[in-house]
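# Coordinates in review
Each chain, letter by letter, is given below.
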Amino acid sequence: MSLTGTPFFLATVALALVTVLLPLLLWGRVGGPAVVRGAARLVMVVLAQAAAVLSVFVMVNNANGLYDSWADLLGTGHHVVAAPDLGSDGLGTDKRLADQPRTVQHFGPTHDARMGRGVRVTQLRGPVSGVRGEVYVWLPPQYDRPSFRHRKFPVVELLGGFPGSAKAWFVSLRVQSQLEAGMRSGRIAPFILVEPRTNLLAGKDTGCANVPGVVDAESWLSVDVRQMVTDTFRAQSRASGWAVAGYSAGAHCAVKMALAHPDRYRAAVGLSGYNDPAAERASLTARTPHLRRVNNPLWILRHATTPPRVSLYLSGSRDDGYRDGLALRRAAVLPTHVVVAGVSGPHTTGLWERQVPQVFRWLTAELSPHRGRVPPAKGV
């Protein structure tokens with residue numbers, strides 16, 4: 001039975017109801033010595049509490065996209081086949097994106113009604129990173145129109161938080177259902193939306209980093225997934241046609257990858273993110289001073305040989321991303337552009353879901369062939 005399926009959720013609700021009714025029906029009927037009666041009643045109360053907690057956990061998990069499967073929850077999934085030292089650019093022996101192995105994938109339906117229409121999935125084994133995992137793709141309404149058959153489309157790579165499901169942007173943030181009408185009318189650019197797996201190691205946040213011998217998460221996202229999309233779909237291949245967006249831990253990843261690889265991404269969106277990897281207690285990159293330093297977006301920006309040609313949209317509340325965004329804006333030198341927007345609300349998918357339309361209006365302006373034609377989203 002699927003962890004995120006309706007049958008399992010209904011089963012947990014039914015179990016909670018049964019365990020609540022049992023003490024009401026049996027409390028006075030328990031026989032035997034006082035110790036036995038007390039123990040039996042204690043067991044009934046504990047079972048009722050446990051069943052209630054289980055049903056609430058399943059509800060929260062389904063709403064926020066924390067764990068997508070039993071393997072993710074129990075840490076039994078295996079997504080790292082190899083983790084070679086790929087060098088500072090994450091490309092390994094092939095030092096140009098154009099030299100990467102060609103990767104054409106077959107995509108099929110998701111069989112998950114929560115995903116909405118048009119979302120497809122594939123299982124990708126990254127030839128460079130040695131990572132294997134699912135990648136979800138949604139194509140814009142214009143993709144199959146005859147008048148667009150020679151058109152290559154811009155791409156936004158979507159990253160969830162930690163822990164997080166690769167379905168979260170489609171299920172919890174409802175990204176495609178929020179944007180489809182705007183794409184049809186021309187208010188939003190016809191982006192290809194791509195959401196790859198980021199939960200690669202049991203109980204550890206990779207920070208979307210390359211750690212030789214452990215995981216090459218950055219190359220998985222910025223090389224393998226990117227190459228597969230451009231080989232499989234009519235997607236733009238230049239940095240000017242690519243953006244990366246994330247929330248929470250995914251926001252940290254998105255901003256870091258765009259600043260580190262302006263040859264791959266022109267824009268990044270970070271919702272309620274952070275600069276210091278140690279903000280996530282399970283962060284793999286916070287374990288050594290070196291990894292913590294070189295995976296900090298603020299450090300990357302300050303130590304760039306030349307200011308990266310990247311635009312950043314950063315939002316958050318005062319102590320949840322906003323101050324980190326201001327620090328990046330103060331450090332930015334043209335052609336790096338930074339917009340910081342203040343928001344209020346808890347650190348939940350509900351807050352990020354409400355920002356989706358504005359974020360994609362901003363991305364439309366940043367990745368438009370005629371930049372500035374679409375009014376950018378207002379910042380602080």
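Residues numbered from 1 in each chain as written. Predicted model: local features only at pLDDT ≥ 70, side-chain atom pairs only at ≥ 80, totals over all residues. Heavy atoms only, no water.

Moving on to the overall build of the protein chain. Secondary structure assignment for the protein chain yields 11 helices and 11 strands. Looking at the protein chain as a whole, 53% of its 380 residues are labelled buried. Expressed as a percentage of contacts within the protein chain between residues at least 6 apart in sequence, the contacts between residues at least 24 apart total 72%. Split by element, the accessible area of the protein chain, about 17500 Å² in all, is 58% carbon and sulfur. (Helix = DSSP H or I, 4+ residues; strand = E, 2+ residues; numbered from the N terminus. Buried < 20%, exposed > 50% of the residue type's maximum accessible area, 1.4 Å probe, protein only. Contact = heavy atoms within 4.5 Å. Areas by Shrake-Rupley, 256 points an atom, 1.4 Å probe, with all protein chains shown as cover.)

Next up on the list: the pattern of salt bridges. Pairing between side chains of opposite charge can happen when the charged atoms of each approach one another. Applying the stated criterion across every chain, the model contains 11 salt bridges. Between R114 and D112 there is a salt bridge, and its shortest N-O distance comes to 3.0 Å. Overall, the relative accessible area of 31% leaves R114 in the partly exposed class. Residue D112 is classed as buried on the basis of its relative accessible area, which comes to 13%. In this structure, E180 and R184 form a salt bridge, with 2.8 Å as the shortest nitrogen-oxygen distance. Pair noted here: E180 and R184 are both in helix α5 (residues 175-185), with a separation of four residues, about one helical turn. On the accessibility criterion, R184 (48% relative accessible area) is partly exposed. (Salt bridge = Lys/Arg side-chain N within 4 Å of Asp/Glu carboxyl O.)

Residues F162 and P163 are joined by a peptide bond in cis, for which omega reads -15 degrees. Considering the arrangement of structural elements, one finds P163 in the loop between β4 (155-159) and α4 (168-171). P335 follows L334 through a cis peptide bond whose omega is 15 degrees. Tracing the backbone shows P335 in the loop between α10 (322-331) and β11 (337-342). A positive phi is found at C208, a non-glycine position, where the angle reads about 50 degrees.

Right, let's talk about the pairing of strand β9 (residues 267-271) for a bit. Most of β9 sits inside the fold, with five of its five residues counted as buried. Of the two faces of β9, the one carrying A267, V269 and L271 and the one carrying A268 and G270 are both buried. Here five bridges tie strand β8 (residues 242-247) to β9, and the two strands are oriented parallel to one another. Across the sheet, Y247 pairs through a bridge with L271, a residue of β9. As a crossover connection, the stretch from β8 through helix α7 (residues 249-260) into β9 is right-handed. The pairing of β9 with strand β10 (residues 311-316) spans five bridges and is parallel. Across the sheet, the residue bridging to L271 is S315, located in β10. (Pairing = 2+ DSSP bridges. Right-handed = clockwise from strand over helix to strand, strands pointing away.)

Counting buried residues in strand β3 (residues 132-138) gives six out of seven residues, a clear majority hidden from the surface. Sheet topology note: the strand β2 (residues 119-125)/β3 ladder contains seven bridges and is antiparallel. Bridged to R125 within β3 is R132. The antiparallel pairing of β2 with β3 creates a hairpin that spans six residues between the two strands, and G130 there sits at a positive phi of about 75 degrees. Pairing between β3 and strand β5 (residues 192-196): four bridges, direction antiparallel. Residue pairing for β5: V135 is matched across the bridge by P196.

On to the packing of α5 against helix α11 (residues 349-367), then. A pair of packed helices is characterised by two quantities: the angle between their axes and the separation of those axes. Where α5 contacts α11, the two axes come as close as 10 Å, and the packing angle between them is 35 degrees. Regarding α5 and α11, the two cross each other, and that crossing is right-handed. For the pair formed by α5 and α11, the contact residues are V175, Q178 and L179 on the first element and E353, V356, P357 and F360 on the second. Classifying every residue of the contact of α5 with α11 gives five nonpolar, one polar and one charged. (Axes fitted to C-alpha atoms, helices over the stretch in contact; angles between N-to-C directions. Left-handed = near helix turned anticlockwise from the far one by under 90°. Nonpolar A, V, L, I, M, F, W, Y, C, P; charged D, E, K, R; others polar.)

Bringing the state of the cysteines into the picture now. Across all of its chains, the model carries one disulfide by this definition. What pairs with C208 in a disulfide is C253, and their sulfur atoms sit 2.2 Å apart. Judged by the sign of its S-S torsion, about 90 degrees, the bond between C208 and C253 is right-handed. Placement of C208 in the loop between β5 and β6 (210-211) and of C253 in helix α7 is noted, with a sequence separation of 45 residues between them. For the pair formed by C208 and C253, the shared burial category is buried. (Disulfide = S-S within 2.5 Å.)

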